[in-house]
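Descriptive structure summary
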Amino acid sequence: MEKKSELNGHALPESPSTEPILEKASWRQRLGEFLRKNLLVILTVSGVLVGVGLGMGVRTMALTKAQMTYFAFPGEMLLRMLKMIILPLVVCSLVSGAASLDTRSLGKLGGIAVGYFLVTTLIASSIGVTLAFIIKPGVGAGALNTNHLALESVSSDKETADSFLDLARNLFPSNLVAAAFRSYATDYKMVAIGNMTNGTKIYQKVPYGTESDGMNILGLVLFAMVFGVALRKLGEEGEELIRFFNAFNEATMVLVSWIMWYIPFGIMFLVGSKIVEMEDVVLLVASLGKYIFASILGHIIHGGIVLPLIYFGFTRKNPFSFLSGLITPFTTAFATCSSSATLPSMIKCVEENNGVDKRISRFILPIGATVNMDGAAIFQCVAAVFIAQLNNHPLNAGQIFTILVTATASSVGAAGIPAGGIITIAIILEAIGLPTNDLSLMLAVDWIVDRTTTVVNVEGDALGAGILHHINEQEQKKLKHLEDQRHPDHAWDQQHAEELCEVRVEAVANTQAQEETSPLVTHQNLSQEGAPEAIESVL
């Protein structure tokens with residue numbers, strides 16, 4: 001077969017001098033294209049590696065606490081920028097997503113999403129408990145205590161019932177503005193209810209509501225979803241407001257794309273400052289090495305085997321090629337330890353690198369970042385069994401089942417912030433009657449375990465979005481096939497109508513046009529040529 005060379009569409013005579021030049025140029029072009037596409041990923045991963053080296057170097061300088069704070073400042077700025085964008089991103093993307101999906105498909109996809117989240121979290125809890133019983137991290141560590149490691153005690157006297165009631169209360173915030181920065185939390189006070197015969201007063205612990213710092217993301221998520229559905233039901237009247245939320249959402253994603261270029265620099269100092277702040281890591285790892293190993297091994301099994309298998313089972317596609325497009329959000333998750341802070345870059349990468357439908361990703365990822373905590377469920381179960389073994393407290397089948405159910409349920413309410421899962425371990429310990437004073441051991445090494453925890457959390461969200469995107473595509477193909485069978489004559493017309501509809505949606509999203517319709521609401525109008533009488537009668 002004869003090779004032909006072309007330049008600007010014209011055939012060139014083959015010569016030994018031109019061929020190597022073209023090959024060399026194509027090699028350089030390929031390298032340049034690769035670097036251009038993956039520059040952010042390369043910079044982000046490099047930021048982590050440089051941060052480790054920088055932290056190890058600065059650690060030898062014996063900085064004061066104040067100097068450590070100054071050193072951590074660029075990393076702190078990254079976290080503040082990412083947290084700043086969470087509120088508009090979550091609310092606007094959920095309103096847009098809920099309004100763009102048909103009510104029936106919204107219910108179906110929502111049901112599949114909830115089922116996926118519950119099943120994967122339950123599997124994660126089971127892996128955590130199983131590994132804890134196999135590795136036995138707490139056996140033989142009875143001499144280990146907080147005084148020996150010079151740790152501060154962590155107190156938690158919250159009742160299990162009140163923890164779950166608070167979860168329900170936070171679903172329905174009494175004040176939406178306050179929910180942007182505060183959440184409901186139960187506290188207790190001792191109230192005198194009478195006197196004993198010897199005159200001693202009888203006190204009773206009474207729960208009362210307080211406000212704790214931290215965004216009530218669960219309540220905002222529920223409100224945004226229901227509000228989006230309500231706007232969809234309004235039809236034409238709700239279009240303007242839906243268009244507003246859609247434009248707000250697109251503008252937020254532009255801000256995200258700008259912030260993502262700061263991520264490599266911020267991550268470098270975020271990781272470096274954590275290494276500088278470390279206490280005697282050798283003593284901690286030697287004492288709690290088996291606990292750390294059991295938790296991280298659970299994350300590797302769940303994130304490297306279980307979740308990819310579930311994705312493959314649904315889609316019959318290579319899960320690792322899907323995950324390869326998400327290196328930047330995974331690195332961000334590893335550095336920030338916050339699934340909420342990783343949400344902006346996750347949405348951007350899932351849509352741009354993996355081609356997930358915007359309506360699906362912006363509907364499911366904010367919910368997943370709030371309620372889907374597979375990684376947290378693993379380390380919470382390992383921690384619960386570890387503390388039981390530490391206190392020589394044998395666990396029966398009922399208590400093991402309680403750990404599984406409580407870890408699965410409480411991970412829903414776990415805050416998507418660094419060390420957010422530690423609080424929920426207290427709920428599990430209370431449920432099985434174990435002391436919570438050993439929680440400080442978990443807190444001491446949480447900065448190690450929390451990194452892999454967050455990566456698994458966001459991986460579960462991303463694969464869930466991929467699965468829902470695939471299911472949605474399959475449903476659309478089935479419906480189209482059925483429609484084509486019923487009306488074969490209209491198949492061609494329908495295809496062109498859909499293409500025109502897509503063009504119209506894209507064109508109208510950010511511009512004003514005659515007969516303007518929302519890109520998110522399916523609103524059918526007859527053309528002027530088709531039915532002039534109908535339009536006149538309406539007007």
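Structural data are supplied above this passage.
Read on for an overview of the structure. (Residues numbered from 1 in each chain as written. Predicted model: local features only at pLDDT ≥ 70, side-chain atom pairs only at ≥ 80, totals over all residues. Heavy atoms only, no water.)

Its 16 residues give helix α13 (residues 339–354) an end-to-end C-alpha distance of only 19 Å, which falls more than 12% under 22 Å, the value for a rise of 1.5 Å per residue. Extensive coverage of α13 is indicated by the burial of 14 of its 16 residues. Just beyond α13, the residue with positive phi is glycine 355, at close to 65°. (Helix = DSSP H or I, 4+ residues; strand = E, 2+ residues; numbered from the N terminus. Expected span 1.5 Å × (residues − 1). Buried < 20%, exposed > 50% of the residue type's maximum accessible area, 1.4 Å probe, protein only.)

Taken as a whole and assessed by the stated rule, the structure comprises 11 salt bridges. Between glutamate 76 and arginine 80 there is a salt bridge; the shortest N-O distance is 4.0 Å. Taken together, the residues span about one helical turn, with glutamate 76 and arginine 80 both in helix α3 (residues 73–100) at a distance of four residues. Judged by its relative accessible area of 54%, arginine 80 is exposed. The partner of aspartate 166 in a salt bridge is arginine 169, and the shortest N-O contact between them spans 2.9 Å. Taken together, the positions of aspartate 166 and arginine 169, both in helix α5 (residues 160–171) and three residues apart, correspond to about one turn of that helix. Residue aspartate 166 is classed as buried on the basis of its relative accessible area of 3%. By relative accessible area, arginine 169 is classed as partly exposed at 35%. Shared partners join several salt bridges into a network, and the residues in it are Glu250, Glu351, Lys358 and Arg362. (Salt bridge = Lys/Arg side-chain N within 4 Å of Asp/Glu carboxyl O.)

The next thing to look at is a nonpolar patch on the surface. A contiguous nonpolar patch, built from Trp27, Leu31, Phe34, Leu35 and Ile42 and spanning about 490 Å² of accessible area, is present on the exposed surface. Within the secondary structure layout, isoleucine 42 lies in helix α1 (residues 18–59). Judged by its relative accessible area of 34%, isoleucine 42 is partly exposed. (Patch = residues over 30% accessible without salt bridge, like charges linked within 9 Å, V, L, I, M, F, W, Y side chains within 5 Å. Areas by Shrake-Rupley, 256 points an atom, 1.4 Å probe, with all protein chains shown as cover.)

In this section: the side chain of threonine 186. Considering the arrangement of structural elements, one finds threonine 186 in strand β3 (residues 182–195). With relative accessibility at 10%, the residue threonine 186 sits in the buried group. At a separation of 3.5 Å, a polar atom in the side chain of threonine 186 contacts the side chain of arginine 169. (Polar contact = N/O pair within 3.5 Å; in protein donor to acceptor, adjacent residues only side chain to side chain.)

Moving on, we get to the nonpolar core. In this structure, Tyr291, Leu326, Ile364, Ile403 and Met442 are the most contacted members of the largest nonpolar core, which totals 113 residues. The element contributing the most residues to this core is helix α15 (residues 374–390), with 13 residues. What leucine 326 contacts, discounting residues up to four positions off in sequence, is Met346, Cys349, Val350, Asn354 and Ala462. Counting residues in hydrophobic clusters, the runner-up holds six residues, among them Met68, Phe71, Met268 and Phe269. (Core = buried A, V, L, I, M, F, W, Y, C linked by side-chain atoms within 4.5 Å. Contact = heavy atoms within 4.5 Å.)

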